[in-house]
Every structure is written in structure tokens, then in C-alpha cells.
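Next come the chains, spelled out residue by residue.
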Amino acid sequence: CWEVREHNSSEWCHFIRSNPDCRLDGGFLDYLDGVFCVFPPRLLPLAVTLYALWLLYLFIILGVTAEKFFCPNLSAISTNLKLSHNVAVFSLTSPLHGVTFLAFGNGAPDVFSAVVAFSDPRTAGLAIGAIFGAGVFVTTVVAGGIALVKPFTAASRPFLRDIIFYMVAVFLTFVVLYLGRIRLGEALGECWGSWARWEQPGGAVTPHDSPISGYLGLYVFYVLTVVLCTWIHRRQRGDGLASPGAWEPEMPTDAEEPEPSSTNSGDYGEEYRPLLPSRESSLRILASALSPLDSRKWRRKPWYWRLFKAFRVPVELVLLLTVPVVDPDKDDLNWKRPLNCLHILTSPLLCVLTLKSGAYGLYQIQGIFPVWALLTLVASALALIIFITTSNEEPPKYHCVFAFLGFLASAMWINAAATELVNILRTLGIIFQLSNTVLGLTLLAWGNSIGGEGSAAASAPWHTLGWPCHAPGLLCPSTDTFSDLTMARQGYPRMAFSACFGGIIFNILVGVGLGCLLQMTGSQPLVKLEPDSPLVWVLAGALGLSLVFSLVTVPAQCFQLGQPYGVCLIASYLLFLCVALLTEFRVIHFSTP
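Residues numbered from 1 in each chain as written. Predicted model: local features only at pLDDT ≥ 70, side-chain atom pairs only at ≥ 80, totals over all residues. Heavy atoms only, no water.

The name given to the protein in an unreviewed UniProt entry is NCLX protein, with the source organism recorded as Melospiza melodia. As its UniProt record puts it under Subcellular location (unreviewed entry), the protein is described as follows: "Membrane". (UniProt positions renumbered as here; feature names shortened; annotations may be inferred.)

Draft legend 1. Quick peek at the nonpolar core. Counting residues in hydrophobic clusters, the biggest one holds 132 residues, and the most contacted among them are Phe36, Phe118, Phe132, Phe497, Ile508, Leu529 and Phe576. For this core, the element with the most residues is helix H3 (residues 44-80), which contributes 16 residues. Formed jointly, this core draws a minimum of three residues from each of two domains, domain 1 (1-38) and domain 2 (43-190 + 214-230 + 291-313 + 398-456 + 476-592). Aside from chain neighbours lying at most four places away, what touches Phe497 is Ala143, Ile146, Phe152, Ala154, Phe159, Leu561 and Tyr565. Residues Ile344, Ala383, Phe402 and Leu405 belong to the second largest nonpolar core, which totals eleven residues. (Core = buried A, V, L, I, M, F, W, Y, C linked by side-chain atoms within 4.5 Å. Buried < 20%, exposed > 50% of the residue type's maximum accessible area, 1.4 Å probe, protein only. Helix = DSSP H or I, 4+ residues; strand = E, 2+ residues; numbered from the N terminus. Domains from an automatic or database assignment. Contact = heavy atoms within 4.5 Å.)

Draft legend 2. Main features of the side chain of Thr346. Looking at where Thr346 falls in the secondary structure, it is placed in helix H13 (residues 337-354). Residues in contact with Thr346, not counting those within four places in the same chain, are Leu321 and Thr322.

Draft legend 3. Representation of the environment of Trp413 within the structure. Along the polypeptide, Trp413 turns up in helix H15 (residues 401-432). The partly exposed category is assigned to Trp413, whose relative accessible area is 21%.

Draft legend 4. Geometry of empty space enclosed by the protein. What the rule picks out here adds up to four cavities of 30 Å³ or more. Roughly 110 Å³ of internal volume is contained in the largest cavity. In terms of lining, the largest cavity is formed by 15 residues, of which the most central are Asp110, Ala130, Ile131, Ala134 and Asn507. For the lining of the largest cavity, the secondary-structure elements that each account for two or more residues are helix H5 (108-118), helix H6 (124-149), helix H16 (436-450) and helix H18 (493-517). Tallying contributions element by element places H6 first for the lining of the largest cavity, with five residues. For the lining of the largest cavity, the class distribution of residues is ten nonpolar, four polar and one charged. The computed volume of the second largest cavity comes to approximately 60 Å³. Every residue lining the second largest cavity is listed: Leu24, Asp25, Val116, Ser119, Asp120, Arg122, Thr123, Val422, Asn423 and Arg426. Considering every element that reaches the lining of the second largest cavity, the biggest residue donor is H15, with three residues. When grouped by side-chain class, the residues that make up the lining of the second largest cavity number three nonpolar, three polar and four charged. (1 Å grid on protein atoms, 1.4 Å probe; cavity = no way out; pocket = protein on both sides within 12 Å on 5 of 7 lines; lining within 4 Å. Points joined across faces, edges and corners; volume = space filled by probe spheres on them. Nonpolar A, V, L, I, M, F, W, Y, C, P; charged D, E, K, R; others polar.)

Draft legend 5. Here's a closer look at the state of the cysteines. Tallying each qualifying case throughout the model produces two disulfides. Covalently, Cys1 is tied to Cys22 through a disulfide, its sulfur atoms 2.0 Å apart. Taking the torsion about the S-S bond as the criterion, the Cys1 to Cys22 disulfide, at about 115°, is right-handed. In this pair, Cys1 sits in the segment before helix H1 (12-18) while Cys22 sits in the loop between H1 and helix H2 (31-38), placing the two residues 21 residues apart along the sequence. For the pair shown, Cys1 and Cys22 are each scored as buried. (Disulfide = S-S within 2.5 Å.)

Draft legend 6. Region of interest: a nonpolar patch on the surface. A grouping of Tyr363, Ile365, Ile368, Phe369, Leu374, Leu377 and Val378 is seen on the molecular surface, where their side chains present a nonpolar patch of about 700 Å² in accessible area. A total of three residues in the nonpolar patch trace back to one element, the largest contributor, which is helix H14 (residues 371-389). Within the secondary structure layout, Leu374 lies in helix H14. (Patch = residues over 30% accessible without salt bridge, like charges linked within 9 Å, V, L, I, M, F, W, Y side chains within 5 Å. Areas by Shrake-Rupley, 256 points an atom, 1.4 Å probe, with all protein chains shown as cover. Salt bridge = Lys/Arg side-chain N within 4 Å of Asp/Glu carboxyl O.)

Draft legend 7. Spatial organisation of the pattern of salt bridges. Within this structure, the stated rule accounts for five salt bridges. For the salt bridge of Asp21 with Arg426, the shortest nitrogen-to-oxygen distance reads 4.0 Å. Note that Asp21 is positioned in the loop between H1 and H2 and Arg426 in helix H15, a separation of 405 residues in sequence. Judged by its relative accessible area of 29%, Asp21 falls in the partly exposed class. A residue is classified by how much of its surface remains accessible, and Arg426, at 6% relative accessible area, is buried. We note a salt bridge from Arg161 to Asp162, for which the minimum N-O separation is 3.2 Å. Note on accessibility: Arg161 and Asp162 belong to one class, buried. One salt-bridge network, held together by shared partners, links Lys309, Arg312 and Glu316.

Draft legend 8. The packing of aromatic side chains, seen in detail. Applying the stated criterion to the full structure yields 18 aromatic pairs. Taken together, a centroid distance of 6.0 Å and an interplanar angle of 70° make the contact between Trp335 and Phe402 edge-to-face. Note that Trp335 is positioned in the loop between helix H12 (303-322) and H13 and Phe402 in helix H15, a separation of 67 residues in sequence. When sorted by exposure, Trp335 lands in the same class as Phe402, which is buried. The interplanar angle of 50° and the centroid separation of 5.8 Å between the aromatic rings of Tyr573 and Phe576 together place this pair among those described as tilted. Separated by three residues within a single helix, Tyr573 and Phe576 lie in helix H20 (residues 563-584), roughly one turn from each other. On the accessibility criterion, Tyr573 (4% relative accessible area) is buried. Looking at Phe576, the relative accessible area reads 7%, which means it is buried. Grouped by ring-pair contacts, the aromatic residues Phe165, Tyr219, Phe221, Tyr222 and Phe506 constitute a single cluster. (Phe/Tyr/Trp six-rings, centres within 6.5 Å; stacked < 30°, edge-to-face > 60°.)

Rendered as C-alpha cells:
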């Protein structure tokens, strides 16, 4: 499809519509048809500008959905399932509890983007570029920025554990890219000593008795390692409230820690409550719950916060209409009877109309009655029953079900936004004739890694900035740049630094493993991953060098990290970026394996 720009502008539209390679899988908008058929050639710059603005807005949608809706519902689910917030993510046995449930919330945009990108071999380079590019960005720019903002002593044993696991994951990805495909065993993680079959040049198939530690298997092993380390540490300190050791991230004490802020307390909460409780009408409750703005907060915030908030308001309003949020920190668990009853209708409709770009929702039963209409009738009846049998003041006993509904609805929002994001990036790549890898390591990696609300986030409590749980940075990681730097400025640099290496482990192992696993079928248990440019090897080399640099220099400094370390990391990223762009524009040539 890249050849479209080589044709005469009058042939662009015909070329796009007749070339199967130019079809975008999934998504609600056909961006290629729009830029080459709807807009005349002379307005191509305008179309690109509009697409760039829409791209930025998609990142806002991803960030708001994950921060305000996806993560809080995951937190509520873990609370209702009696899972430990320190180790909260697969519901395993009682002593294990699982690890990083909430890491899934923080890494949701990255994982969903990777899964969507891997769904099409033409966009797999986006996923590889984004995962590797975000890894280089986080381990150099973010980690270096933390050292510049607040020199500190790193947590030794968690740092060594996480960086070694991450290096193994990067090496596994390098091998997969070198071989050009990933089998079911590599995605799931086969048992030690299992038989793996590797295709050899010439078509021969030779069995090797070798241990394969696949992506998802390696992540499970990482989970068990973290749990075991936590258990050993608790045994060593006798379950007492010992001060953080040299290997434990700094955590605020109960006296230092701010009051838990609810999901909507900053933007939709009840900051100014009346002294005496009063009964409100259902209509007033609905209007208050759907208001994404706090007038008092709006007046005291700076102009740039108001500007960014103005862009977020439409997204937040639509999300409030379609995604319920259960907040265990509130007395009423964020129960809003009229709005929650409305969610019974809007959330299922959202799910069926966004799944496979609405194909299931628009399907007609026996060619007569559409699925969305049947779902509307059933959901309306159920919403009416709930409205009649509940009250505004007290949430029902089954209110926790709304957390699962909110989790599903927010996941569908993130998936839909990620699909549009991948499609628009592929379109921009075709317009400017850029490889998917360079788009992934720049736009997609930056968009998913920077996050936050800019400088306005500096005054927010650390646990509201992409950290929706009360766990050490290793166990509830965030790769949000502004969140990590803000945490460092507020006196928690060790926690922020731990997040740099703990968070990206989840992204690479689950992002690649799950993304490839979902594309495999019983008849074709492999996914081909062929690098679309030599830039992939530059990425892998740069990420490997940055990790080796930290692995050597951090212990050499006795884990005392300061400004020289931060300057070296940021300078190395700038050097990598220059080499990557020069490689993309063929100024530097590398021989590919």
C-alpha cells in the first residue's frame, strides 16, 4: 500500500479501494479512504493535521479510561474478592493471592495496543516498536529524570530481580524476531524439558530437548518470585512495622499517607459536602453524577489545567454515561441509583456495539430482529426492576456486580480506542512512507508512556497518579512519566524508580504473549513476526545496552543514584533516537540477520 504516493494524485482513490493491502481491519473509520478519497490532494496537509489531532485525542481517551474507570474497577474487584493489594492479580490460592492485578490497569493501554497491533501482520511492527521503544524510553528518560529530580538510594534486591527478568524477556523477544515466528509454546511457556520443534532451513524439522520459558510462563514465574520474595521479607521482619530496608521501596506511613482519594473525588466527587445529610431527588442525583466539572475546583486551577480539562470533559461525560464505577473508599460505594440503572442499559449496548466494530450488535436474528434491539429490551426491563427495588441512600447487596460490568465496559472502550489508534498510525505511516517500527517507537511509545495531566499533576497525591492501589512500586507498577516524576518530587524516588523496571515487565511479557496467543488457531499454532525494517535490531540493541548499563553502574555506585547517572541515561536516549531516525531514513545502513 506504500506505493500509493508513487502514483498520480488522480489515481490515489482507485488504488486505495482496489488494493487489498490497503484495507484496515477493525475500527469504525476508514482513514485511508478518508485521506485519499474524501479529501482532495491539495488538502492533504489539512487531513494530516486533523488525523494528528485525533491521534492526540485517542491518547487522552486511553488515559482517562484507564485512570478513572478501568483501574478503580479493578481495585474494587480485588477488594470484593478479598485479594491483597500488595500482591493483587491472578486469583490463585489463598497464600498466593496472585500478583499485579492492578498492574493490568496501569498497563492496559500498552497491552491493548499490542494485542490490536498483533492482530494484523501488517501492523505487528507497531507493537514491537512500541514495546521496545517504551522500554528504552522508560529505562532511560524516566529513570534518568527521577535521578535528576531527586538523588536517592535504589532498592537493591528488587532492582536486580526486575532488571534480570526484563533482560530475559528482551532476549526472548530478540530470539523470536530472529527466528521470524513465535509458536504456541513460546507464547504460553512450555514446561522445562519439553520437546520443542523448530523449523530448520530447507524444510527439515528437528526436535530439541530444550527448556523454553515462554512469555506468559515467564510472567507467571515472575509472579511467583515476587510473592516468594515478599513472603521471605515478611518472615525476616516478623510481620512487624519495620522501617524500609535497603531492598524495599519507600512507603509512606499511616501518618504520612494522604487520605485515600476516591475515583471521582478529584473531578466528580463531593468535595464540599453539607453538614447535615439531606435526601436528594433521583433527577438531581443523576445530574450531579453526570457532571465532570467541579466549579470550585475549576476556579482555583491554573489556565493550562482548565484547557486540558476542557478537552477531557466530552470523553469523561460519555464514559460516565456508559461505565459504572464502584468505589470501596466511599461510604455509599459510589452508588448512584439513577445513573447505575442507566448503566444497566448503556454498558451492555456499548459492549456489543464496539465488539468487532459493531458486527455482533448489528447482526439480525433470523434476518429480522437486531441483537442491539433485543439487548435494549432485556436491559431496560432489568434496569426498571433494579430502580424499583432499590433506594437512593443505600447500595444493594449485589452492587459489586457493577464493578465487573464497569471493568468490561472500560476494557471495551480501551480496545476500541486502541484499534483506532493502530489504524491511524498505519495510515500516517503510509502517507509519510514510514515503517511501523519507527511509528511504534516514537508516537505510540511516547503516547502510552508519558500520560498524566502534565504539570497539573504535580499537586495531586502520589496514589492518584496512575497508582490506584496501596502497594509497593514493584507490585503495582506505573510507566506514566508524569506520575513517576511527580512521585520523585514528593519524596518517593525509590518507588518511582522501581516502577520503571517493574511496570514494563508486565507490558512486554503479557503484551507480546497475549497478543500472539490470541492470533493462534488450532491449525496454525504460530504467528510470523518478520521485522519490517532494520530499525528493529537498533531498538533491541539499544534496549539491551541500556539495561546492561544500569545493571553494571547501579551496583557499582552502591545503588546511590544521582545526577551523573540521570544525565548519562538521558544522553543515551537522545543518541539512540538520532541513530534510529538516521536508520529509518537510510542515512545509516545496517545488514539485517
